[in-house]
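Structure assessment
Listed below are the residues making up each chain.
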Amino acid sequence: MIKVIFVCLGNICRSPMAEFIFKKMVEERGLKLSFDIDSAATSCYEVGNPVYPPAKAVLEKHGISGFHRARQITKRDVINSDYVVVMDSSNLLDVLRLTGGAFGERIFKLLSFTGEERDVADPWYSGNFDRAYEDIYEGCRCFLEYILKEKKDAIDYDLRH
């Protein structure tokens, strides 16, 4: 099983959007049993809160839904994940600080899988949840293609059984 955790500042906008988008992509490919997908925050600001309503509305517009309560990432989350996928450079630094700089080989910015090093647009400040969705969707699509190549043997096993 491939464990993925998506991370942003509050875990009410971008990272749960990525979690739900990626879950839908994985399910559409018939790979649901091959993945454990979650999301978390680098801060404690929103712990316990649901997905922010405008983010939820954009997801629903694209036929995506799910239950979520914000939580803060722990060092154990990083240790137990194959991929820790952050939304921006600040999140990257926060996760590296949390781990003391360890486990960097499993920490990635989402849009790096698209060949870009830019941050996912933050709708909390811009109000543009559609733009965030587009960034996250493209990042998740490219991330899944990356995993399908990198973890081909593990996924092929699950498809055969």
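Everything numeric here is computed off the predicted structure, so don't read it as measured data.

**Topic: the overall build of the protein**
Per the secondary structure count, the protein includes seven helices and four strands. Counting from the amino terminus, the protein carries its helices and strands in the arrangement β-α-β-α-α-β-α-β-α-α-α. Relative to its length of 161 residues, the protein is compact, with a C-alpha radius of gyration of 15 Å against a globular reference of 15 Å. Taking the principal axes of the C-alpha coordinates as reference, the protein spans close to 45 × 40 × 30 Å.

**Digging into the sheet that holds strand β2 (residues 35-41)**
Spatially, four strands are ordered β2-β1-β3-β4 in an open sheet, and the strand pairing comes out parallel. At either margin of the open sheet sits one strand with a lone partner, and together these are β2 and β4 (107-109). Direction aside, neighbouring strands of the sheet carry axes that sit 25° apart on average. Across seven bridges, strand β1 (residues 2-8) lies against β2 in parallel orientation. Paired with F6 across the strands is S39, a residue of β2. Of the strands in this sheet, β1 and β2 are in contact with helix α1 (residues 14-28), which crosses β2 at around 170°. In the packing of helix α4 (residues 89-98) onto the sheet, the strands contacted are β1, β3 (83-86) and β4, and the crossing angle to β4 comes to about 170°.

**Structural notes on the pattern of salt bridges**
Going through the model one piece at a time under the given rule, you end up with 16 salt bridges. We note a salt bridge from D119 to K109, for which the minimum N-O separation is 2.9 Å. Placement of the pair is D119 in the loop between β4 and α5 (123-126) and K109 in strand β4, with a sequence separation of 10 residues. On the accessibility criterion, D119 (31% relative accessible area) is partly exposed. Exposure remark for K109: the relative accessible area of 9% places this residue in the buried category.

**Describing the environment of P16**
Tracing the backbone shows P16 in helix α1. Under the relative-accessibility criterion, P16 is labelled buried at 0%. Apart from the residues lying within four places of it in its own chain, the contact partners of P16 are N11, S39, V51 and H68.

**Considering helix α2 (residues 53-61)**
Within α2, burial applies to A55, V58 and L59. Looking down the long axis of α2, one finds its buried residues gathered within 100° of arc, a one-sided arrangement. In this structure, α2 carries P53 and K61 as exposed residues pointing more than 90 degrees from its buried face. The inward-facing, buried residues of α2 contact α1 and α6 (129-150).

**Quick look at the packing of α2 against α6**
Each packed pair of helices is defined by two parameters, the angle between the axes and the distance between the axes. Relative orientation of the contacting elements α2 and α6 amounts to 60°, with a least axis distance of 9 Å. On the basis of their axis angle, the class for α2 and α6 is oblique. The chirality of how α2 crosses α6 is right-handed. Between α2, through P54, A55, V58, L59 and K61, and α6, the contact on the second element is made entirely by F129, D130 and Y133. A per-class count over the contact of α2 with α6 returns six nonpolar, no polar and two charged.

Quick notes on the rules
- For every chain, the first residue of its written sequence is number 1, and the numbers climb from 1 along that sequence.
- Per-residue local features are limited, in this predicted model, to residues with pLDDT of at least 70; the limit for side-chain atom pairs, both in listing and counting, is 80 or more; totals at the level of whole chains, interfaces and linings are taken over all residues.
- Side-chain numbers here rest on the full set of heavy atoms in the structure, without hydrogens or water.
- By definition, any uninterrupted DSSP run of H or I lasting at least four residues is a helix, any uninterrupted run of E lasting at least two residues is a strand, and each is numbered from the N terminus.
- The quantity called the radius of gyration is restricted to C-alpha atoms. Its globule counterpart is 2.2 Å times the number of residues to the power 0.38.
- One bridge is not enough; two strands pair if DSSP finds at least two bridges between them.
- Whenever a helix is involved, its axis is fitted only over the stretch in contact; in every case the axis is a line through C-alpha atoms, and angles between N-to-C directions fall within 0 to 180 degrees.
- Throughout, a residue-residue contact means that at least one pair of heavy atoms, one from each residue, lies within 4.5 Å.
- Just to be clear on terms, a salt bridge is a Lys or Arg side-chain nitrogen sitting within 4 Å of an Asp or Glu carboxyl oxygen.
- Buried, partly exposed and exposed residues are distinguished by accessible area as a fraction of the type maximum, computed with a 1.4 Å probe on protein chains only: under 20%, between the cut-offs, and over 50%, respectively.
- In this context, the arc is that of the directions from the helix axis out to the C-beta atoms.
- When describing relative orientation, an angle under 35 degrees is termed roughly parallel and one over 145 degrees roughly antiparallel, while 65 to 115 degrees is termed roughly perpendicular and anything else oblique.
- When the near helix sits turned anticlockwise from the far one by under a right angle, the crossing is termed left-handed; a clockwise turn instead gives a right-handed crossing.
- Residue classes follow a fixed rule: Ala, Val, Leu, Ile, Met, Phe, Trp, Tyr, Cys and Pro count as nonpolar, while Asp, Glu, Lys and Arg count as charged, and any other residue, Gly among them, counts as polar.

Structural measurements only, silent on function.
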